[in-house]
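As a plain string of letters, each chain reads:
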Amino acid sequence: MDLASPNRYHRHRDEVTRSGGGSIRDDGEILDSDDAFDIPPKNAPIERLRRWRQAALVLNASRRFRYTLDLKREEEKEQIRRKIRSHAQVIRAAFLFKEAAEREAPGGSPNVVPALPSGGYGIGAEQLTALTRDHDFSALQEYGGVKGLSNLLKTNLDKGILGDDMELLRRRNAFGANTYPQKKGRSFLVFLWEACQDLTLIILIIAAVISLVLGIKTEGIKEGWYDGGSIAFAVILVILVTAISDYKQSLQFQNLNEEKRNIHLEVIRGGRRVEVSIFDIVVGDLVPLKIGDQVPADGILIAGHSLAVDESSMTGESKIVHKDQKAPFLMSGCKVADGYGTMLVTAVGINTEWGLLMASISEDNGEETPLQVRLNGVATLIGIVGLSVAVLVLVVLMVRYFTGHTSGSVQFIKGHTSAKDAIDGAVKILTVAVTIVVVAVPEGLPLAVTLTLAYSMRKMMADKALVRRLSACETMGSATTICSDKTGTLTLNQMTVVEAHVGGIKLAVPDNAEQLSASIHSLLMEGIAQNTTGNVYEPENGGSPEITGSPTERAILSWGVKLGMKFVDARSRSTIIHVFPFNSEKKRGGVAVHVDGDEVHVHWKGAAEIVLASCTSWMNSNGELQEMTPNQMDTFKKQIEEMAAISLRCVAFAYKLYKMENVPSEEERDGWALPENDLVLLGIVGIKDPCRPGVRDAVDLCTNAGVKVRMVTGDNLQTAKAIALECGILYSKEEAIEPTIIEGKVFRAYSEKAREDIAEKIAVMGRSSPNDKLLLVQALRRKGHVVAVTGDGTNDAPALHEADIGLAMGIQGTEVAKESSDIIILDDNFASVVKVVRWGRSVYANIQKFIQFQLTVNIAALVINVVAAVSSGEVPLNAVELLWVNLIMDTLGALALATEPPTDHLMKRPPVGRREPLITNVMWRNVFLQAVYQVVILLILNFGGKSLLRLKNDTSEHADKVKNTFIFNTFVFCQLFNEFNARKPDEINVFKRVTKNHLFMGIIAMTVILQILIIEFLEKFTSTVRLNWKLWLASVGIAILSWPLAAIGKIIPVPHIPIEEYFRRCFRKQSRRRQGDGSHRPADSSL
């Protein structure tokens, strides 16, 4: 396929219409489907989830549905949430009534619970818990407000606690840890019990007991226990191996859940900001909060600006609550929706409502994925066929047995055979029929998805990707486009100011302040120090300052420090009176500071061309105000364009002189819009953020894999274009024309239809807002694309939620973005996103390998047993042998094939269509060739084995045993060699990197050893006999021929149209023909 072809990325557009079962909603989601085993990858309705469960053929419901959503438990969890919320609301309401009554009562005074000392502190854990739980403002005032409370907790409101190990331990002992009791994971015995509940295994155990009793009664305990005992042992082995495999998967999921809960955030300890785990927060800690953060514990606001919190996770009401000194209480688990501030932690862990809620509801791993549900459909179809075959075999064998038409010696003679012998014969026939069901119904098929997902998720952690939603793994394999941020994803996020234009001149060295007058220098330092969410910690011992904050903030603060800024001094010279936090829509942030007297400075910082457009004057290097003439405006614009052309991010600083008398009062200040026009430009800086090493190779890899990479950035078009050319998203400057490169405001101005038409052509979107990203995602999905989106900000949450796969950044991403995402990229690196694509494709490929392997075994085993039963009344594979084959095919086969690591070959194919058939034409070809080969060989051996193996001189009974043992041995080795073929369904070299997969090689080796033990040493258990070395070689020789056969088969071309689609078309043609015949019949003359 031509990589440059525009059709390369359009493969999913026809999928839904081709499947013939669904309609597309406005947002690109498939609304409905006639197939019960077809669910959407995200937000599947409860009715659809119930529907597929009812349609599935299941022998062991507790095991099959273990890793699916427990619909009943979900309802119970929601009821618990509602109870805890309503309980808290009732307590709060009652307290407010009580408080109001006390205020009304003459001479009444609030009855504050006396502060009980706790571990040397002036207040106890119970008092703190009651204070924050009840939002008791009057009690807070009694304690002396936040200042008084901090003194009781021995916390410095500027520097926080010291944070040494002894102090942290003391605080945990006094007030508790920020953890909550979790319900223990299920023990191994639970998995053992669930594995025992398989209906077929229960029947086999009953049959084994009957056989055991009859055998002992007839032949004595020494010889009579073998038949029943061997079946019982084989069943126990199957149960044990199944339970061990399932238990190990469960442990992996538990570890991943722990990782998801472990949020990292900053606290202020000893005057510096340090990053800690949410579990390490203690009462008395100071926690800085910003947009998108999760409130990590209950606490009280110390200071904040425009702070607004989304409390819906606790109250159940989708309402943003503004926090200030009058409403300072913050609840754990809520999200910061706007502004920033600092909180004092007053309650942690189980002492918070969030802790109570989390302790009451257990973490549920249940989440069915579309692939898992589709495999339930495949398992149901195969199971129905297998069940039908088993019933047929049972009927045929029973009829032939009781009519005396079995081959060889007649086993039942009316009037001569005792009832005990008759029952024994009937039990053996039933055992064989039930065992055929065990082999035929692939219970392990849907669980193979869970196995490969658990394996992939563990490996993806090593590749810096934390999976939050299982289905995202497999959906990523279908991704046709990735809409990526620039900053921190395609670039290193290691920003430095490399060029500075201040006072109308370019500084020879960006951090040289000698060219600037004192007045412009002072204003610039004031703007940098006050208009920031970052911080500069200057050690008392005179070491180098520690700068914290976002990468852009760190770069600007670092530049300010080099220019001579003393952060604490600069902030102490003025007082912040109002803040406009940086806004991704307006691309700028502002702050109003009271200097002295009536003088107020309003500082703005943001995207250079946007801030520049609001300036009507500028300050020169001598500190003199100059008018912003058109020529001067063009000069500044040219400076911005030149910096952007060399991929610098341009940030401008401006200010406005304001009067205190014009500033609203404190009560009205929350709604005050900072003046943003007639600004004075102070300077423009160019910040270098280099491309990540290897990002160009990662983009090329995506392109070759049929995945289109699009850059969506808030930077201006020139910077975006330069980075896109450097990363390989754009191939040449000639290509950089609209709509390939487009501005966000231009895109959003188009009509919905026009946006759809140009969305596929867009490679770069500059100056985009989060809403523009959302519009692009929606347009691409409507065109049939499977869209992956990266995001780190709170405002990216809608796009992350809307996309097929939302990828949040682990380092720079806010908690809101992470919660809306499906996968968290822990190192913020685009190369890790590409690894996720590889793993997504690997999940799908591994499942297909396992299906191909299992189908071959199913078809061969069923055909051999049916043909033998119908023709001779006996089956060559007995119950124990079939159980061993089932173990190889089911649990061991899944472990070997579902844990294959991804290969480069996967990234040379186009994306997998979400509605492409699971069993492709290539797979059908491979299954057909191998199954036909095995069936032909084994049937020849079954009917002509005695002469071919030269057993005519042996007794009839011994000859039958040797023949059946040889058939069993050959059949097992055929599966072992075919397991290699299944590794590479479309590659001739099936041994490529096979030795790298230690688990695969270990399972093959273990199976061979166990097979030798079964044949050579356990003949009484399996009703087999020892084989000589010639027959061993013959078995291996017949089986090894499957390798050249597979290689020849892969040369045979297959049609592009899926087999099921071909049959569907034939059916439609027949229907149309019948309708056509009916419409052309002459009308009845009698009417």
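Going by the annotation in an unreviewed UniProt entry, the name recorded for the chain is Calcium-transporting ATPase, with Apostasia shenzhenica given as the source organism. Its UniProt record gives the chain a comment under Function (unreviewed entry), which states: "Catalyzes the hydrolysis of ATP coupled with the transport of calcium." Quoted verbatim from the Catalytic activity (unreviewed entry) heading of the UniProt record, the comment on the chain is "Ca(2+)(in) + ATP + H2O = Ca(2+)(out) + ADP + phosphate + H(+)".

Enquirer: Please explain the pattern of salt bridges as it appears in this structure.
Expert: Side-chain pairs of opposite charge can arise where the charged atoms are in close proximity. In the structure shown here, the tally under the stated rule is 30 salt bridges. Linking K773 and D796 is a salt bridge whose minimum nitrogen-to-oxygen distance equals 3.3 Å. Pair noted here: K773 is in helix α27 (residues 770-782) and D796 is in the loop between β24 (787-791) and α28 (797-802), with a separation of 23 residues, a long-range link. Taking the relative accessible area as the measure of exposure, K773 reaches 4% and is therefore buried.

Enquirer: When you look at the sheet that holds β24 in this model, what are you seeing that I'm missing?
Expert: Sheets are built from strands paired through backbone hydrogen bonds, the pairs being either parallel or antiparallel. The strand order β8-β26-β25-β24-β9-β21-β23-β22 describes an open sheet built from eight strands, whose pairing is mixed. Bordering the open sheet on either side are β8 (465-467) and β22 (741-743), each of which pairs with just one other strand. Pairs of neighbouring strands in the sheet enclose a mean axial angle of 20°, with direction left out of account. Pairing analysis gives four bridges linking β24 to strand β25 (residues 805-809), with the strands arranged parallel. Residue pairing across strands places A788 opposite I805, the latter belonging to β25.

Enquirer: Honestly, the environment of Y844 in this entry has me stumped. Any pointers?
Expert: Of note, Y844 is situated in helix α30 (residues 830-872). For the pair formed by Y844 and G477, sequence separation is 367 residues and the distance between their alpha carbons is 7.1 Å. The contact partners of Y844, leaving out residues within four places of it in the chain, are L371, R374, V912, G913, E916, P917 and L918.

Enquirer: Help me out: how do you make sense of the UniProt feature "transmembrane region" (unreviewed entry) in the chain in this one?
Expert: In the numbering used here, UniProt assigns the feature "transmembrane region" (unreviewed entry) to residues 188-216, 228-247, 378-402, 429-455, 922-943, 999-1019 and 1031-1052. Measuring from the first to the last C-alpha atom of residues 228-247 gives 29 Å, for a span that is 100% helix and 0% strand. For residues 378-402, the helix share is 100%, the strand share is 0%, and the end-to-end C-alpha distance is 36 Å.

Enquirer: What is the right way to look at the pairing of strand β2 (residues 272-277) in this model?
Expert: For a regular strand, side-chain orientation follows a simple rule: the groups alternate between the two sheet faces. Here strand β1 (residues 264-269) pairs with β2 via six bridges, running antiparallel. In the sheet register, R269 faces β2, and the bridge partner there is R272. Linking β1 back to β2 in an antiparallel pair, the connection comprises two residues, with G270 at a positive phi of about 65°.

Enquirer: Can you walk me through the packing of aromatic side chains in this structure?
Expert: Any aromatic ring pair is given by two values, namely how distant the centres are and how the planes are angled relative to each other. The tally for this structure, following the rule as stated, stands at 15 aromatic pairs. Aromatic pair W618 and F636: ring centres 5.7 Å apart, planes at 80°, arrangement edge-to-face. Of the two residues, W618 is situated in strand β17 (residues 615-619) and F636 in helix α22 (residues 630-645); the sequence distance between them amounts to 18 residues. Pair check on accessibility: W618 and F636 agree, each one buried. Seen from their ring centres, F991 and W1043 are 4.7 Å apart, and the 80° between their planes marks the pair as edge-to-face. Taken together, the residues F991 in the loop between α33 (956-983) and α34 (998-1017) and W1043 in helix α37 (residues 1042-1049) connect sequence positions 52 residues apart. One aromatic cluster is present, built from ring pairs that chain together F973, F977, F980, F991, F1000, W1032 and W1043.

Enquirer: Honestly, a negative patch on the surface in this entry has me stumped. Any pointers?
Expert: On the surface, a cluster of negative charge is made up of D596, D598, E599 and E661. Among the secondary structure elements, E661 is positioned in the loop between β19 (648-659) and β20 (679-688).

Enquirer: Is there a simple way to think about the confidence of the model for the chain in this case?
Expert: Any region with low pLDDT has predicted coordinates that should not be read closely. In the predicted model, the chain carries a mean pLDDT of 82, and 84% of its residues have values of at least 70. pLDDT under 50 marks residues 1-32. Its contacts with residues more than four places away, or in other chains, come to 74 contacts. Segment residues 1081-1087: pLDDT under 50, and zero contacts once partners within four positions in sequence are set aside and those in other chains are kept.

Enquirer: I tried to follow the packing of α30 against helix α32 (residues 921-948) on my own but got confused; where do I start?
Expert: A packed helix pair is summarised by two numbers, namely the angle formed by the two axes and the spacing between the axes. Here α30 crosses α32 at 30°, and the two axes come no closer than 9 Å. Taken together, the axes of α30 and α32 are roughly parallel relative to one another. For α30 against α32, the interelement crossing comes out right-handed. In contact with Q848, I851, Q852, L855, T856, I859, A860, V863, I864, V867, A868 and S871 of α30, α32 contributes M923, W924, N926, V927, Q930, A931, Q934, V935, L938, L939, N942 and F943.

Conventions adopted
- Per chain, residues are indexed from 1 in the order of the written sequence.
- Reporting of local features is limited, given that this is a predicted model, to residues whose pLDDT is at least 70; pairs of side-chain atoms are given and counted only at 80 or more, and all residues count toward the totals for whole chains, interfaces and linings.
- With hydrogens and water excluded, all non-hydrogen atoms of the structure serve as input to the side-chain values.
- UniProt positions are given in the numbering used here, feature names are shortened, and annotations may be inferred rather than shown by experiment.
- Here, a salt bridge means any side-chain nitrogen of Lys or Arg that lies within 4 Å of a carboxyl oxygen of Asp or Glu.
- In this text, helices come from DSSP runs of H or I with a minimum length of four residues, and strands from runs of E with a minimum of two, each type numbered from the N-terminal end.
- Under the scheme applied here, a residue whose accessible area is under 20% of the maximum for its type counts as buried, over 50% as exposed, and between as partly exposed, the area being computed with a 1.4 Å probe on protein chains only.
- We call two strands paired when DSSP finds no fewer than two bridges between them.
- Geometry is summarised by axes, namely lines fitted to C-alpha atoms with helices restricted to the contacting stretch, and by angles between N-to-C directions that run from 0 to 180 degrees.
- Throughout, a contact is declared for two residues whenever any of their heavy atoms are within 4.5 Å.
- Stacked, tilted and edge-to-face pairs are distinguished by plane angle, under 30 degrees for stacked and over 60 for edge-to-face with tilted covering the rest, among Phe, Tyr and Trp rings (Trp via its six-membered ring) whose centres lie within 6.5 Å.
- Like-charged residues within 9 Å of one another, or nonpolar side chains (Val, Leu, Ile, Met, Phe, Trp, Tyr) within 5 Å, are grouped into patches, provided each residue has over 30% relative accessible area and no salt bridge.
- Areas reported here follow the Shrake-Rupley algorithm with a probe of radius 1.4 Å; residue values treat only the protein chains shown as occluding.
- His residues and chain termini do not enter the charge count, which takes Lys and Arg as positive and Asp and Glu as negative.
- Throughout, a charge is located at the NZ atom of Lys, the CZ atom of Arg, the CG atom of Asp or the CD atom of Glu.
- Every residue is assigned a pLDDT by the predictor, reflecting its confidence on a scale from 0 to 100.
- Orientation is classified from the angle alone, with under 35 degrees giving roughly parallel, over 145 giving roughly antiparallel, 65 to 115 giving roughly perpendicular, and any other angle giving oblique.
- Should the near helix be turned anticlockwise from the far one by less than a right angle, the crossing is termed left-handed; should it be turned clockwise, right-handed.

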